[in-house]
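# Coordinates in review
Single-letter residue listing:
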Amino acid sequence: MEFTMDSLNDTLAAKLAAVQRPGDYFVSGTVEAYLPQLEVESVGRIALPLLPQQAQQLIAVATQAPYGRGSETLIDTAVRKTRQINADQVKLSGRHWPQTLQDILDRVVAGLSVSKPVHAELYKLLVYEDGDFFVSHRDTEKAPGMFATLVIVLPSVYTGGELIIRHNKREVELNLCCEDASELVAFAAFYADCVHEVKPVTSGCRLTLIYNLLRPGSGQLPQAPDYGAEQDDVASLLRQWVATKGKTDGTAEATPEKLIYPLEHAYTAAELGFDQLKGADAAIAPLLLAAARQADCELHLALLTIAESGSAEYADYQPRRGQRRSAYAEDSFEVGEVIDRSANLSEWRTPTGQDAGLRALEFDEDEICPLGALGDMDDAELEFHEA
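Each chain carries its own residue numbering, running from 1 in the direction its sequence is written. For this predicted model, a pLDDT threshold of at least 70 governs which residues receive local features, and a threshold of 80 or more governs which side-chain atom pairs are given and counted, while totals over whole chains, interfaces and linings are taken from all residues. By convention in this description, side-chain values take in all heavy atoms of the structure and omit both hydrogens and water.

Right, let's get into the packing of helix α1 (residues 8-17) against helix α4 (residues 228-244). Helix-helix packing is described using two parameters, namely the angle between the two axes and the distance between the axes. Simply put, an axis is a line fit to the C-alpha atoms, just over the touching stretch for a helix, and the angle between two N-to-C directions goes from 0 to 180 degrees. Where helices and strands are cited, they refer to DSSP runs of H or I of at least four residues and of E of at least two residues respectively, numbered from the N terminus. It is the contact of α1 with α4, at a shortest axis distance of 9 Å, that shows an interaxial angle of 160 degrees. Judged by the angle between their axes, α1 and α4 are roughly antiparallel. As for how α1 packs across α4, the hand of that crossing is left-handed. Residues Leu8, Thr11, Leu12, Lys15 and Leu16 of α1 lie in contact with α4, whose contacting residues are Glu230, Asp233, Val234, Leu237 and Trp241. Note that the term roughly parallel is reserved for angles under 35 degrees, roughly antiparallel for angles over 145, roughly perpendicular for angles of 65 to 115, and oblique for everything else. In this scheme, a crossing is called left-handed if the near helix is turned counterclockwise away from the far one by less than a right angle; it is called right-handed if the turn is clockwise. Here, residues are in contact when the closest pair of their heavy atoms is within 4.5 Å.

What follows is the structure in structure tokens.
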């Protein structure tokens, strides 16, 4: 893909404009929860957070978990080393647990960009002790209508056991171990066609509920948003931009030093974070993050601010009957000559949500994608102050 310096901004914006569906191939998070009452056949009531003695009792009644290869179901601890307890041996109760599960499911539905109805069906209770793991694999369809897997990590003290999920050249590593195991429940969900693995647990015991996420009825099952072609195109554009940045052929302006893509929604400094983006913004962010990594570019979020100041001129204003005319009413004035103008980017955030440590930077209109996207100041909010 080739571009001219004049078309770079518009071409990049057009590629990103095609990305409209929010959601991703995975979603994860934590919830503050009233813990469920967990009972396991032949063991009884399980205290949460999990106690080491009861962890051993669970291991004693659990069976070695198998894995699938084609039409075969095999057991090989070099491939999968963990123990499982079937759903019919597990009882989850408690007045608040159904609502906690529904809250998690609502966040999963939004994060995967799936329309309701979606049903969560308990499949297994898995017990990972020190040294247990599961190599890269894909989940098989375990029930009609299954399109994704939900993992809920129950409160326990352990280290390791990170969940790695891969899809379309992208990869994420999730640490679902909560520091405050007494109040938080961690979860992750991902589409069934995603390759994933569980890294070895290095200490303690990892206790997880595995749910099949089902779409009842007929019709095509939900699939992860796939913008692989757009991602490759954006990465190609960014690589070419990096190669020509700051250069000119003598007949055109130099390629801009930075590229600015205005988001669809407005965000305050407190809301500014990749994990808090909405709608199409939330769909575009993962694509841009992956494309920026491919092109060896840095990507940040920032607040864009344009401010103009100047003299206030008295307007021909007539108050309504019974309304007192104020000498300093804002609708009595209009902006005269613009004396000063500033345009800058501030409150820089990294993809991990940290303060990037960058000062406020000025920008030029030729860095905006697409060109002219900011429009003019006609609809800007005006404030008048007495000199």
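Having put the structure on the table, let's press on.
Spatially, the three strands line up as an open sheet ordered β3-β2-β9, and their pairing is antiparallel. Here the strands that pair on one side only, and so sit at the sheet edges, are β3 (44-46) and β9 (90-93). When strand polarity is set aside, the average angle formed by the axes of neighbouring strands in this sheet is 30 degrees. Strand pairing follows a simple DSSP-based rule, namely that at least 2 bridges must link the two strands.

When its volume is computed, the largest pocket comes out at roughly 1,200 Å³. Surrounding the largest pocket, 39 residues form its lining, Leu259, Ile260, Tyr261, His300 and Ala302 being those nearest its centre. Put simply, the parts of the chain that give the lining of the largest pocket at least two residues each are α1, α4, α5 (279-294), β19 (301-314) and β20 (333-349). Each residue belonging to the lining of the largest pocket can be placed in one class, and the counts come to 31 nonpolar, two polar and six charged. Buriedness of a pocket was judged along seven lines, with at least five required to meet protein on both sides within 12 Å; pockets are open sets of points on a 1 Å grid over the protein atoms alone, cavities are sets where a 1.4 Å probe fits but cannot get out, and lining residues have an atom within 4 Å of a point. Grid points are joined across faces, edges and corners, and a volume is the space filled by probe spheres set on the points. When its volume is computed, the second largest pocket comes out at roughly 980 Å³. Taken together, 32 residues make up the lining of the second largest pocket; nearest its centre are Asp24, Phe26, Phe274, Asp275 and Pro286. When residues of the lining of the second largest pocket are traced back to their parent elements, those giving at least two are β1 (26-32), α3 (97-111), β15 (170-174) and α5. Element by element, the count of residues in the lining of the second largest pocket is highest for α5, at seven residues. All residues other than Ala, Val, Leu, Ile, Met, Phe, Trp, Tyr, Cys, Pro, Asp, Glu, Lys and Arg, Gly among them, are scored as polar; the first ten of these are nonpolar and the last four charged.

A few words now on the sheet that holds β15. The strand order across the open sheet built from five strands is β7-β11-β17-β14-β15, with neighbouring strands paired in antiparallel fashion. At either margin of the open sheet sits one strand with a lone partner, and together these are β7 (80-81) and β15. With two bridges connecting them, strand β11 (residues 133-137) and strand β17 (residues 195-198) associate as antiparallel partners. If you follow His137 over to β17, its bridge partner there is His196.

Here we come to the pattern of salt bridges. What makes a salt bridge here is a side-chain nitrogen of Lys or Arg within 4 Å of a carboxyl oxygen of Asp or Glu, nothing more. Under the criterion given, the structure shown has 11 salt bridges. The partner of Asp139 in a salt bridge is Lys142, and the shortest N-O contact between them spans 3.9 Å. For every residue, the accessible area obtained with a 1.4 Å probe (protein chains only) is divided by the maximum for its type, and the residue is called buried under 20%, exposed over 50%, and partly exposed between those limits. We classify Lys142 as partly exposed; its relative accessible area is 30%.

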